[in-house]
Amino acid sequence: MEVLYHSTRSDAEAVSASTAILKGLAEDGGLFVPDHIPALDRSLRELSQMSYQEVAYEVMKLYLTDFTQEELKSCIRKAYDEKFDTSQIAPLAWAQGAYYLELFHGATIAFKDMALSILPHLMTVSAKKNAVKNEIVILTATSGDTGKAALAGFADVEGTKIIVFYPKNGVSPIQEKQMVTQKGKNTYVVGIHGNFDDAQSGVKAIFSDRQFAREAAGMGYQFSSANSINIGRLVPQVVYYVYAYAKLLGEGKIAEGETINVTVPTGNFGNILAAFYAKNMGLPIGKLICASNENKVLYDFFSTGSYDRNRPFVLTTSPSMDILVSSNLERLIYWIAGNDTHKDAELMQALNKEGRYGLTEGMRAQLGDFYGNYAREEEVAGTIRSLYEECGYVIDPHTAVAATVYRKYVEETGDGRVTVIASTASPFKFTRSVMEAIDPKVASLGDFELADELSRIANVKVPRAIEEIRNAKVVHDTVCEKDEMKQVVRAILAGDKMR
Ligand SMILES: *Cc1c(COP(=O)(O)O)cnc(C)c1O
């Protein structure tokens, strides 16, 4: 059955998957949502015999219904290839009573690669299908990981340019180095004096600026988004939950129909929303455990029923989760409002104006699938250390937030079901925080020496992504104020035309 996409804020447009991918955000500022969640049409037993790429096809075909089989399979083939350092793409590792679903085996060693290695291909196919003549300009705000993964995905992809904005002092040194050394004649990286939310609001403002869109069109460009609000990112993320379950089933770790819990270190709410969609497709998931760091807006949301971004922004060792406005939560809000676009629009307007909104009792009652909690910085470090000392397994701070919250969940509920923890970054991406947690003596070492030290103690080779930037040249050094983002985009587009 065909799936169409419309905005969370109005039923006005219903567009095909390819159009939704091209647009990123709906005209009214809402997020595209599928008009229904399709059910898995293969049994989990069948899926358990399939490769990652095959499972990807079986899941994605249900959402991207205007893609032909050939188009979709070719996107999948180009995305999940030897850029990943394991043919399993997303392997599971068992440690201290949970399965870690390692989503960091792609080009930039963070889970964003899972979706961003396929998005450029989905987008170029979508452009062809819709006879788009303009060059596509990807605008992205990043809290660290999206930026590099999007740059790597779009670099030198014909018919596209990519401009990434990141908080100048809000990403790890390795994350920054990864971005500012990015090659590709269509790539632009800009630091802003502000935090991630400022970068994200700036990008959103450009997207909703019709006048600027016309101006860009006059130069032969149209904007699109690689942020996690794009449905072309959400759909590929559903895949690995299905794959993980099928894997566990195939290996006899769980029985047919057994429910498992999923724990997700959460920032923009994209990853956990994908798990929620997977559950609603029929995947036997019990609790969705939403783990926050000290920016615990989501924990407060789940425990009080009100969302309130009015609070200090905390810089933590898990920067990709340092977020006060979780954009993808809007898709859940729409869902628990019973697909009521007016209600959704009203709450989002309140969020925009007052920085807060409250759920109705009826909406709150539908959050039963979720459990929220958060981890303090010292708990995160403690989790990294104890996991290493007990199992020799090293996790990054984002994953450690999830592992900490999972432990709290079990202590509170006694729920002993099999659990998959989304492991969202390689510890090599956050070597300083990881090594400081394990062995504070090494704190004086440089970033790359720390990577070598981590390699030694964890007995894991330094990933290619780190080796590549060790001696790479900085090629991007633009920095701007948070209210100058539009001018920077204009200058980039104009400059390119003159060359
Ligand atoms: C982006 C990111 C997250 C948060 O994922 P969301 O989908 O934004 O909730 C967690 N961990 C890492 C390492 C990330 O890069």
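Residues numbered from 1 in each chain as written. Predicted model: local features only at pLDDT ≥ 70, side-chain atom pairs only at ≥ 80, totals over all residues. Heavy atoms only, no water.

Caption draft 1: Main features of helix 3 (residues 52-63). Counted at 1.5 Å a residue, the expected span for helix 3 with its 12 residues is 16 Å, and the 17 Å between its end C-alpha atoms agrees. Helix 3 sits mainly inside the fold: nine of its 12 residues count as buried. Of all the residues in helix 3, the buried ones are Y52, V55, A56, Y57, E58, V59, M60, L62 and Y63. (Helix = DSSP H or I, 4+ residues; strand = E, 2+ residues; numbered from the N terminus. Expected span 1.5 Å × (residues − 1). Buried < 20%, exposed > 50% of the residue type's maximum accessible area, 1.4 Å probe, protein only.)

Caption draft 2: Inspection of the pattern of salt bridges at higher detail. A full pass over the atoms with the stated rule returns 33 salt bridges. Between K168 and E176 there is a salt bridge, with the nearest N and O atoms lying 2.8 Å from each other. When its relative accessible area of 28% is taken as the criterion, K168 is described as partly exposed. With a closest N to O distance of 3.6 Å, R407 and E411 form a salt bridge. With a gap of four residues between them, R407 and E411 both fall in helix 18 (residues 397-413), about one helical turn apart. Using a relative accessible area of 39% as the deciding quantity, one classes R407 as partly exposed. (Salt bridge = Lys/Arg side-chain N within 4 Å of Asp/Glu carboxyl O.)

Caption draft 3: Representation of the site of the ligand. In the region of the ligand, 15 residues are neighbours, and K112, D145, G267, N268 and T424 sit closest. Within the backbone of G267, one N or O atom sits 2.8 Å away from an oxygen atom of the ligand. Compared with its free state, where it exposes 380 Å², the ligand has 98% of that area covered by protein. Taken together, the residues of the shell around the ligand break down into five nonpolar, eight polar and two charged. (Near = heavy atom within 4 Å. Polar contact = N/O pair within 3.5 Å; in protein donor to acceptor, adjacent residues only side chain to side chain. Areas by Shrake-Rupley, 256 points an atom, 1.4 Å probe, with all protein chains shown as cover. Nonpolar A, V, L, I, M, F, W, Y, C, P; charged D, E, K, R; others polar.)

Caption draft 4: Representation of helix 20 (residues 447-458) in the model. Over its 12 residues, helix 20 extends 16 Å from the first C-alpha to the last, a length consistent with the 16 Å expected when each residue adds 1.5 Å. Where helix 20 is buried, its residues contact helix 8 (173-180), helix 17 (377-391), helix 19 (431-438) and helix 21 (464-470). In the stretch just after helix 20, N459 is the one whose phi turns positive, near 60°. (Contact = heavy atoms within 4.5 Å.)

Caption draft 5: Up close: the sheet that holds strand 3 (residues 92-95). Pairing is mixed in the open sheet, where six strands are placed in the order 3-4-14-9-10-13. Strand pairing shows two members of the sheet lacking a second neighbour, strand 3 and strand 13 (370-374), which therefore form its edges. Each adjacent strand pair in this sheet contributes to an overall mean axis angle of 25°, direction not counted. Across the sheet, helix 12 (residues 270-280) touches strand 9 (260-265), strand 10 (285-292), strand 13 and strand 14 (419-423), and the angle it forms with strand 10 is around 170°. (Pairing = 2+ DSSP bridges. Axes fitted to C-alpha atoms, helices over the stretch in contact; angles between N-to-C directions.)

Caption draft 6: Summary view of the environment of R233. Among the structural elements, R233 can be located in helix 11 (residues 231-250). On a C-alpha basis, the gap between R233 and I21 in space is 8.7 Å, while along the polypeptide they are 212 residues apart. Those residues in contact with R233 that sit more than four places away from it in its chain are K112, A115, L116, L119, T146, A226, N227 and S228.

Caption draft 7: Inspection of the sheet that holds strand 5 (residues 135-141) at higher detail. The strand order 8-5-6-7-15 describes an open sheet built from five strands, whose pairing is parallel. The two strands at the open ends of the sheet, each matched to only one other strand, are strand 8 (221-225) and strand 15 (478-481). Averaged over neighbouring strand pairs, the angle between their axes works out to 30° when direction is ignored. Pairing geometry for strand 5 and strand 6 (residues 160-167), over six bridges, is parallel. The partner of I138 across the bridge, within strand 6, is I162.

Caption draft 8: Structural context of the packing of helix 11 against helix 12. Running from N to C, helix 11 and helix 12 point in directions that differ by 65°, and their axes come no closer than 8 Å. As helix 11 runs across helix 12, the sense of the crossing is right-handed. Packed against helix 11, whose contacting residues are L234, Q237, V238, Y240 and Y241, the element helix 12 presents G270, N271, L273, A274, A275, Y277 and A278 at the interface. In terms of residue class, the contact of helix 11 with helix 12 is built from nine nonpolar, three polar and no charged. (Left-handed = near helix turned anticlockwise from the far one by under 90°.)

Caption draft 9: Representation of empty space enclosed by the protein within the structure. Counted by the stated rule, this structure contains three cavities of 30 Å³ or more. Its boundaries defined by the atoms lining it, the largest cavity holds a volume of some 240 Å³. Looking at the lining of the largest cavity, the elements that each hand over two or more residues are helix 7 (145-154), helix 11 and helix 12. Within the lining of the largest cavity, the residues separate by chemical class into eight nonpolar, 14 polar and three charged. If you add up the space inside the second largest cavity, you get close to 60 Å³. If you trace the second largest cavity, you find it lined by A141, Q200, V203, K204, F207, S225, N227 and I229. Looking at side-chain class alone, the lining of the second largest cavity contains four nonpolar, three polar and one charged residues. (1 Å grid on protein atoms, 1.4 Å probe; cavity = no way out; pocket = protein on both sides within 12 Å on 5 of 7 lines; lining within 4 Å. Points joined across faces, edges and corners; volume = space filled by probe spheres on them.)

Caption draft 10: Structural context of the packing of aromatic side chains. Summed over the entire model, instances satisfying the criterion amount to 18 aromatic pairs. Arranged with centres 5.2 Å apart and planes meeting at 45°, the rings of Y299 and Y374 form a pair that is tilted. Taken together, the residues Y299 in helix 13 (residues 297-304) and Y374 in strand 13 connect sequence positions 75 residues apart. In this structure Y299 comes out as partly exposed when scored by relative accessible area, which is 23%. Among the residues examined, Y374 registers a relative accessible area of 16% and is labelled buried. What links up through ring pairs into an aromatic cluster is the set F269, F276, Y277, F301, F302, Y307, W335, Y357 and F370. The ring of F67 carries K129 above its face, with NZ or CZ at 5.7 Å from the centroid. (Phe/Tyr/Trp six-rings, centres within 6.5 Å; stacked < 30°, edge-to-face > 60°. Lys NZ or Arg CZ within 6 Å of the ring centre and 35° of its normal.)

Caption draft 11: Broad picture of the side chain of E58. Within the secondary structure layout, E58 lies in helix 3. Of the residues examined, E58 reaches a relative accessible area of 8% and is grouped as buried. Excluding anything up to four places from it in sequence, E58 contacts D41, R42, L47 and M50.

Caption draft 12: Focus on the nonpolar core. Core analysis: the biggest nonpolar cluster contains 115 residues, and Y5, M60, L64, Y241, F269, I333 and Y357 have the highest contact counts within it. Element by element, the count of residues in this core is highest for helix 11, at 14 residues. If near-sequence neighbours (up to four positions away) are discounted, M60 is found in contact with L72, I76, I118, L122, V235, P236 and V239. (Core = buried A, V, L, I, M, F, W, Y, C linked by side-chain atoms within 4.5 Å.)

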